[in-house]
Amino acid sequence: MDMPQDWPEPIVRVQSLSDSGIPLIPDRYVKPPLERPSINSTTLVDVNIPVIDLVGLNGDDRATILDQVSVACREWGFFQVINHGVSHQLMDGAREGWRQFFHSPMEVKQAYANTPKTYEGYGSRLGVEKGAILDWSDYYFLHYLPSPLKDCNKWPTIPADFREVLDEYGKQAVKLCGKLMKVLSINLGLGEERLGNAFGGENIGACLRVNFYPKCPQPDLTLGLSSHSDPGGMTLLLPDNHVPGLQVRKDEKWITVKPAPHAFIVNVGDQIQGRMRESTGLISYGKPGLCSLEHYGEIIVLSNAIYKSVEHRVIVNSSEERVSLAFFYNPKSDIPVEPLKELVATDRPPLYPAMTFDEYRLFIRTRGPSGKSQVESLKSPR
């Protein structure tokens, strides 16, 4: 399966549509009725994803924090972390630098225009299906790791010194992800390095997608990002510090996440979610994550544990734009991803074939966010 060299249709920048003052969004952005945010969008005002303080992780509060992360993964699949070690000034500088980039002249941004071959650069659609319904957002995608993929010449130079800011942001984000991976590994009942080693040790992948959600004249008809789960290992989201927009599905309702000041929103990706289910006796055999996609939004129970495959999406609004930074911490791209041997028994054969992360990511990128239909076609014949 090879990605095409170019998009199937001319690219339209969503920010340009928004800035033009159109009163109605084009049909290409109108979601089917059941996918619109006005359907099943009840928000529980007093409910939020867990906020976990990491300040005592290496001290007396270690056991408590490990338990808090375990519960958050089991009940939500999402949590926020504070006192995480990443500089607040760096977080603010990175987010506002990207905001400045998206408000640069179009000819400046177009110099970084991407293609579906790598997605790296300035983009406005995910997936290459001709005639697909699109999301109300633009984005910028870049690589941090592995080093051969890191090309700083593809990073914006506006504002001044921005490449240096982005480089340091990546280093601190990788460090935090490594810390959290150890927590998840311990919660699997494994050694703290086991999960990280299964991801490739020092040869993991890391990339950044910066999302820009312009103001929308009809926010009830579209989404900034369609419902999906993240295909990689772990995501650190730096949300907009003024405007909420991320929604997580829980108990058949969409919960709008209320970000804590200078917190990262963490969600476990498909690769880890599958491994966590394996370790607790839940049905998730075969490629980690494929089962979590298959059971989108459902609770799977076997033995004495519950884990969720979490849908999340992004809503837009008519009065304010949003900027967010999604940092993806992924397995080494060319190693087969499959359940850890410690977590597989003879009475639990693989439901899905092993697949490298590169193969899985290519499969996702070809289709774009499309829910559990992606995984149905990957089932092994019975």
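Presented here is an overview of the structure given in this document. (Residues numbered from 1 in each chain as written. Predicted model: local features only at pLDDT ≥ 70, side-chain atom pairs only at ≥ 80, totals over all residues. Heavy atoms only, no water.)

### Observations concerning the sheet that holds strand E13 (residues 312–314)
Where we set the bar: Strand pairing is assigned whenever DSSP detects at least two bridges linking the two strands. Helix and strand assignments come from DSSP, with helices taken as H or I runs of at least 4 residues and strands as E runs of at least 2, each series counted from the N terminus. Inter-axis angles, ranging from 0 to 180 degrees, are taken between N-to-C directions of lines fitted to C-alpha atoms, where helices are fitted over the stretch in contact.
Read from one edge of the open sheet, 4 strands run E6-E13-E8-E9, paired in antiparallel fashion. At either end of the open sheet lies a strand with only one pairing partner, and these are strand E6 (225–228) and strand E9 (253–256). Going from strand to strand, the sheet's axes swing by 25° on average, the running direction of each strand aside. In terms of strand pairing, E6 meets E13 through 2 bridges, oriented antiparallel.

### Examining the pairing of strand E2 (residues 78–82)
Spelled out, the test is: When accessible area is computed with a 1.4 Å probe and restricted to protein chains, residues below 20% of their type maximum are described as buried, those above 50% as exposed, and intermediate ones as partly exposed. A right-handed crossover is one whose linking path, passing over the helix from the first strand to the second, runs clockwise when the strands point away from the viewer.
Burial analysis of E2 places 4 of its 5 residues in the buried class, the great majority of the element. Each parallel crossover has a hand, and the one from strand E1 (residues 51–53) via helix H2 (residues 62–75) to E2 is right-handed. Across 4 bridges, the pairing between E2 and strand E10 (residues 264–268) is antiparallel. Across the sheet, Phe 79 pairs through a bridge with Val 266, a residue of E10.

### Some words on helix H5 (residues 162–187)
Inclusion rule: Expected helix span is given by 1.5 Å per residue-to-residue step, counting one fewer step than there are residues.
Over its 26 residues, H5 runs 37 Å from end to end, which matches the ideal 38 Å to within 8%, given 1.5 Å per residue. At the exit of H5 stands Gly 189, carrying a positive phi of roughly 80°.

### Digging into empty space enclosed by the protein
Using a probe with the size of a water molecule, rolled over the atoms, empty space left in the structure can be pinpointed. Quick note on the threshold: In the cavity and pocket records, a cavity denotes points on a 1 Å grid over the protein atoms alone where a 1.4 Å probe fits but cannot get out, a pocket denotes an open set with protein on both sides within 12 Å along at least 5 of 7 lines, and lining residues are residues with an atom within 4 Å of a point. Grid points are joined across faces, edges and corners, and a volume is the space filled by probe spheres set on the points. Residues are grouped as follows: Ala, Val, Leu, Ile, Met, Phe, Trp, Tyr, Cys and Pro are nonpolar; Asp, Glu, Lys and Arg are charged; every other residue, Gly included, is polar.
For the structure shown, the criterion picks out 5 cavities of 30 Å³ or more. Space inside the second largest cavity adds up to approximately 150 Å³. Lining the second largest cavity are 17 residues, with Leu 225, Leu 237, Leu 246, His 312 and Ala 326 sitting closest to its centre. Mapped by element, the contributors of at least two residues to the lining of the second largest cavity are strand E5 (205–213), E6, strand E7 (234–238), E13 and strand E14 (322–330). For the lining of the second largest cavity, the leading source of residues is E14, giving 4 residues. By residue class, the composition of the lining of the second largest cavity is 8 nonpolar, 6 polar and 3 charged.

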